[in-house]
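Here is what each chain is made of, one letter per residue.
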Amino acid sequence: MTGIGARHDDGPPGDRAVLAAAGIEKTYRRGVWPARRRVRVLRGVDLALAPGEVVGLVGENGSGKSTLMKVLVGALSADAGTVTRSGRLGYCPQEPVVYERLTCDEHFELFGHAYGLTDQAQRRARRELYEELGFERYAATRSDRLSGGTLSKLNLGLALLADPEVLLLDEPYAGFDFDTYLKFWELVGERRRAGRSVLIISHFVTDEERFDRIIELRDGRAVPR
Ligand SMILES: Nc1ncnc2c1ncn2[C@@H]1O[C@H](COP(=O)(O)OP(=O)(O)OP(=O)(O)O)[C@@H](O)[C@H]1O
């Protein structure tokens, strides 16, 4: 792999980790008694992200990638294991979580407020994101009137707004056209050079060259690839 900048060839991040998970287990319970069954998805996942690393999280459909990411951000509780984070966290879920009646601008204002950004900082970051991802013309459009691709840009933009130290992206480019897909990787490269860490769920073999490291979820465990 060539990655998109300097590589980390010095093994697992260990003490330098900005995000570390140890022994994560998760079982879902489905159905109602007597047809109740358990789906054991994560069986002891260990994972660590160092500053400035861009790591791919891969695995077949249903292997538990989204489940793991939800546990890492704290949106879902694990049955066992620990997650340690340092710094600000940005999360781009697979399904955009937006308010249908709010415009793109209003989303940035709301999230900027939630992140504790000053108005000035929020406006500056918003302007840059509109430009980088090319959706400024939708600034005043309500989110329920956006196309799927533009909605994905808003979803990603909101995760990037506060320039988080750790960025977790669940298939962030669903619906992106090719130009936007390339811009997305430029944007990841910039974050990386700034020492930010990024974990990306990916299904594309073509992405593999862009990661510093790839972790595969297999049989409920994380294995290096
Ligand atoms: N809320 C839930 N309740 C019950 N089972 C669930 C729930 N969420 C996910 N699952 C099951 O857990 C397993 C892992 O799902 P998950 O979405 O984490 O996989 P994934 O690797 O992200 O899949 P994909 O590549 O298709 O996005 C699947 O069998 C899924 O059906």
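Note that the structure is a prediction, hence the values are computed from the model and not measured.

Cut-offs and rules
Residues numbered from 1 in each chain as written. Predicted model: local features only at pLDDT ≥ 70, side-chain atom pairs only at ≥ 80, totals over all residues. Heavy atoms only, no water. Helix = DSSP H or I, 4+ residues; strand = E, 2+ residues; numbered from the N terminus. Buried < 20%, exposed > 50% of the residue type's maximum accessible area, 1.4 Å probe, protein only. Contact = heavy atoms within 4.5 Å. Areas by Shrake-Rupley, 256 points an atom, 1.4 Å probe, with all protein chains shown as cover. Near = heavy atom within 4 Å. Polar contact = N/O pair within 3.5 Å; in protein donor to acceptor, adjacent residues only side chain to side chain. Patch = residues over 30% accessible without salt bridge, like charges linked within 9 Å, V, L, I, M, F, W, Y side chains within 5 Å. Salt bridge = Lys/Arg side-chain N within 4 Å of Asp/Glu carboxyl O. Lys, Arg positive; Asp, Glu negative; His and termini not counted. Charge placed at Lys NZ, Arg CZ, Asp CG, Glu CD. Pairing = 2+ DSSP bridges. Axes fitted to C-alpha atoms, helices over the stretch in contact; angles between N-to-C directions. UniProt positions renumbered as here; feature names shortened; annotations may be inferred.

### Focus on the overall build of the protein chain
Along its length, the protein chain carries 5 helices and 9 strands. Taken from the N to the C terminus, the helices and strands of the protein chain come in the order β-β-β-α-β-β-α-α-α-β-α-β-β-β. Overall, the C-alpha framework of the protein chain stretches about 50 × 50 × 35 Å when taken along its three principal axes. When burial is assessed residue by residue, the protein chain has 45% of its 225 residues classed as buried. Long-range contacts, defined as pairs at least 24 residues apart, comprise 73% of the intrachain contacts of the protein chain with a sequence gap of at least 6. When the accessible surface of the protein chain is summed, it comes to about 11600 Å², and 48% of that surface belongs to carbon and sulfur atoms.

### Section: the site of the ligand
Within the structure, the ligand sits among 14 residues, and Arg-30, Gly-62, Lys-65, Ser-66 and Thr-67 are positioned closest to it. Measuring from an oxygen atom of the ligand, one finds a side-chain N or O atom of Thr-67 at 2.5 Å. In the complex, the protein chains occlude 66% of the 640 Å² of accessible area that the ligand would expose alone. Contributing elements (two or more residues each) for the shell around the ligand: β1 (19-30) and α1 (65-73).

### Topic: a positive patch on the surface
Side chains of Arg-29, Arg-36, Arg-38, Arg-40, Arg-43 and Arg-221 sit close together on the surface and give a patch of like positive charge. Considering every element that reaches the positive patch, the biggest residue donor is strand β2 (residues 37-49), with 3 residues. Of note, Arg-43 is situated in strand β2.

### Looking at the pairing of strand β8 (residues 213-218)
Within β8, 5 of the 6 residues are buried, which leaves it mostly tucked inside the rest of the structure. Bridging between strand β3 (residues 54-58) and β8 involves 4 bridges; their strand directions are parallel. By the bridge assignment for β8, Gly-56 is matched with Ile-214. Bridge count between β8 and strand β9 (residues 221-224): 4 bridges; the pairing is antiparallel. Counterpart to Glu-216 in the pairing with β9 is Val-223.

### Quick look at the environment of Tyr-173
Counting through the fold element by element, Tyr-173 comes out in the loop between β6 (166-170) and α5 (178-193). Residue Tyr-173 is classed as buried on the basis of its relative accessible area of 7%. Apart from the residues within four sequence positions on either side, Tyr-173 is in contact with Tyr-181, Phe-184, Trp-185, Ile-200, Ile-201, Ser-202, Phe-204 and Asp-207.

### A closer look at the sheet that holds β6
Whenever strands of a sheet pair, they do so through backbone hydrogen bonds, lying parallel or antiparallel. Judged by pairing direction, the sheet is mixed, and its 6 strands sit side by side in the order β5-β6-β7-β3-β8-β9 without closing on themselves. Pairing within the sheet leaves two strands with one partner each, and these edge strands are β5 (89-92) and β9. For this sheet, the mean inter-axis angle between neighbouring strands, taken without regard to orientation, is 20°. Where β6 meets strand β7 (residues 197-201), 5 bridges bridge the pair, whose relative direction is parallel. Opposite Leu-168, over in β7, you have Leu-199 as the bridge partner. On the sheet, α1 packs against β3, β5, β6, β7 and β8 and is oriented at approximately 150° with respect to β6. Helix α4 (residues 148-160) rests against β5 and β6 of the sheet, and its axis sits at about 170° to β5.

### Some points on the UniProt feature "domain: ABC transporter" (unreviewed entry) in the protein chain
In the UniProt entry, the feature "domain: ABC transporter" (unreviewed entry) is given for residues 19-225. Secondary structure content for residues 19-225 is 31% helix and 29% strand, while the C-alpha to C-alpha distance between its ends is 19 Å.

### Re the sheet that holds β1
Taken in spatial order, the 3 strands make up an open sheet running β2-β1-β4, and their pairing is antiparallel. Pairing within the sheet leaves two strands with one partner each, and these edge strands are β2 and β4 (80-85). The average undirected angle you get between the axes of adjacent strands in this sheet is 25°. Bridging between β1 and β4 involves 5 bridges; their strand directions are antiparallel. Along β4, the bridge assignment pairs Ala-22 with Thr-82. Docked against the sheet, α1 engages β1, β2 and β4, running at close to 60° with respect to β2.

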